[in-house]
Amino acid sequence: MTTSKIVGTEAGDARITWYEAERARLVLAVSHGAGGGIEARDLRAIAAVLPEHGVTVALVEQPWRVAGKKLAPAPKTLDTGWRGVWPALAAPGLPVVSGGRSAGARVACRTATELGAAAVLALSFPLHPPGRPEKSRAEELLGAGVPTLVVQGGNDPFGKPAEFPEGDYTLIEVPYGDHGFAVPKRADLGQEEAVAIITRTVVEWTVSLG
């Protein structure tokens with residue numbers, strides 16, 4: 001069952017679209033990046049697959065997207081929006097995994113401990129701006145403070161898997177994938193197979209969380 005709900009926050013109205021599992025054991029809340037919304041291929045795939053495995057998925061649209069703006073606000077404002085939707089995410093009374101893609105992954109990492117997240121799912125974590133490896137955001141990832149899964153494209157210009165520092169998290173590579181997990185046609189991995197790596201990985205990880 002899918003339902004949508006507007007939730008007021010100090011940063012404006014956010015929207016949660018729920019994909020409910022019949023016998024849910026977890027809520028996986030996932031937000032989008034700074035350049036797109038919940039229509040991203042990885043978010044759509046997770047929302048379609050995870051409920052079959054006992055995980056209710058909540059896709060969260062930040063207030064700036066709900067308001068129709070094209071540019072994301074400052075990280076501080078993104079964090080405010082995420083904090084504002086958290087009570088609604090926790091309302092079912094289940095453990096909540098805090099997740100996001102790109103900028104949304106940074107938000108999840110920065111706020112995980114404060115909000116009491118059970119774990120963090122970081123899709124396409126933007127380790128650094130393209131071509132600027134010296135501008136590392138590794139501290140945000142390493143500071144999440146809860147079990148963390150990073151799913152990263154092998155050719156992500158915001159940080160290839162080999163660039164990530166050692167730390168207390170799990171990193172899974174999607175071969176050939178770019179920041180949106182798109183794979184080139186010449187790759188020996190099809191697009192559907194690339195997306196299946198993401199969903200399979202997230203399913204197995206959520207099972208491991210108990």
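Reference entry: report on the structure contained in this document. (Residues numbered from 1 in each chain as written. Predicted model: local features only at pLDDT ≥ 70, side-chain atom pairs only at ≥ 80, totals over all residues. Heavy atoms only, no water.)

### Describing the packing of helix α3 (residues 75-90) against helix α4 (residues 103-115)
- Where α3 meets α4, the axes come as close as 10 Å, and the angle between the chain directions of the two elements is 60°. It follows that α3 is oblique to α4 by the angle criterion. Crossing angle aside, the handedness with which α3 passes α4 is right-handed. Contacts between α3 and α4 pair P75, L78, D79, W82, R83 and W86 from the former with A103, V107, A108, R110, T111, E114 and L115 from the latter. (Axes fitted to C-alpha atoms, helices over the stretch in contact; angles between N-to-C directions. Helix = DSSP H or I, 4+ residues; strand = E, 2+ residues; numbered from the N terminus. Parallel < 35°, antiparallel > 145°, perpendicular 65-115°, else oblique. Left-handed = near helix turned anticlockwise from the far one by under 90°. Contact = heavy atoms within 4.5 Å.)

### Here's the deal with the sheet that holds strand β2 (residues 12-19)
- Taken together, the 8 strands give an open sheet; going across it, the order is β1-β2-β4-β3-β5-β6-β7-β8, and neighbouring strands pair in mixed fashion. Every interior strand has two partners, whereas the edge strands, β1 (2-9) and β8 (170-174), have only one. The average angle at which neighbouring strand axes cross in this sheet is 20°, direction not considered.
- In this sheet, strand β4 (residues 55-61) lies alongside β2 in antiparallel orientation, the contact comprising 5 bridges. (Pairing = 2+ DSSP bridges.)

### What about empty space enclosed by the protein?
- The full count for this structure, using the stated rule, is 1 cavity of 30 Å³ or more.
- In this structure, the largest cavity spans a volume of roughly 40 Å³.
- Lining of the largest cavity is provided by S31, H32, G33, A34, Q62, W64, A72, L78, A103, G104 and V107.
- In terms of residue count, the dominant contributor to the lining of the largest cavity is α4 (3 residues).
- Classifying every residue of the lining of the largest cavity by side-chain character gives 6 nonpolar, 5 polar and no charged. (1 Å grid on protein atoms, 1.4 Å probe; cavity = no way out; pocket = protein on both sides within 12 Å on 5 of 7 lines; lining within 4 Å. Points joined across faces, edges and corners; volume = space filled by probe spheres on them. Nonpolar A, V, L, I, M, F, W, Y, C, P; charged D, E, K, R; others polar.)

### Looking at the environment of V96
- For V96, the position within the fold is in strand β5 (residues 96-101).
- Separated by 19 residues in the primary sequence, V96 and L115 have C-alpha atoms spaced 9.6 Å apart.

### Regarding helix α6 (residues 191-208)
- If you check α6, its first and last C-alpha atoms are 26 Å apart, about what 18 residues at 1.5 Å a residue would give, namely 26 Å.
- Within α6 the residues assigned to the buried category are A194, V195, I197, I198, T199, T201, V202, V203, W205 and T206.
- Just downstream of α6 lies G210, where phi reads positive at about 90°. (Expected span 1.5 Å × (residues − 1). Buried < 20%, exposed > 50% of the residue type's maximum accessible area, 1.4 Å probe, protein only.)

### Focus on α3
- If you check α3, its first and last C-alpha atoms are 22 Å apart, about what 16 residues at 1.5 Å a residue would give, namely 22 Å.
- Taken as a whole, α3 carries its principal kink of about 30° at G84; the proline P87 stands between one and four residues after it. (Bend = angle between axes of the 7 residues up to and from the residue.)

### So, the pattern of salt bridges
- The full count for this structure, using the stated rule, is 8 salt bridges.
- Between E114 and R83 there is a salt bridge, with its nearest N and O atoms 2.6 Å apart. With E114 in helix α4 and R83 in helix α3, this residue pair connects regions lying 31 residues apart in the sequence.
- A salt bridge links E140 to R110; the nearest nitrogen and oxygen atoms lie 3.3 Å apart. Pair noted here: E140 is in helix α5 (residues 138-142) and R110 is in helix α4, with a separation of 30 residues, a long-range link.
- Residue R110 is classed as partly exposed on the basis of its relative accessible area of 26%.
- Via salt bridges that share partners, D79, R106, R110 and E140 belong to a single interconnected network. (Salt bridge = Lys/Arg side-chain N within 4 Å of Asp/Glu carboxyl O.)

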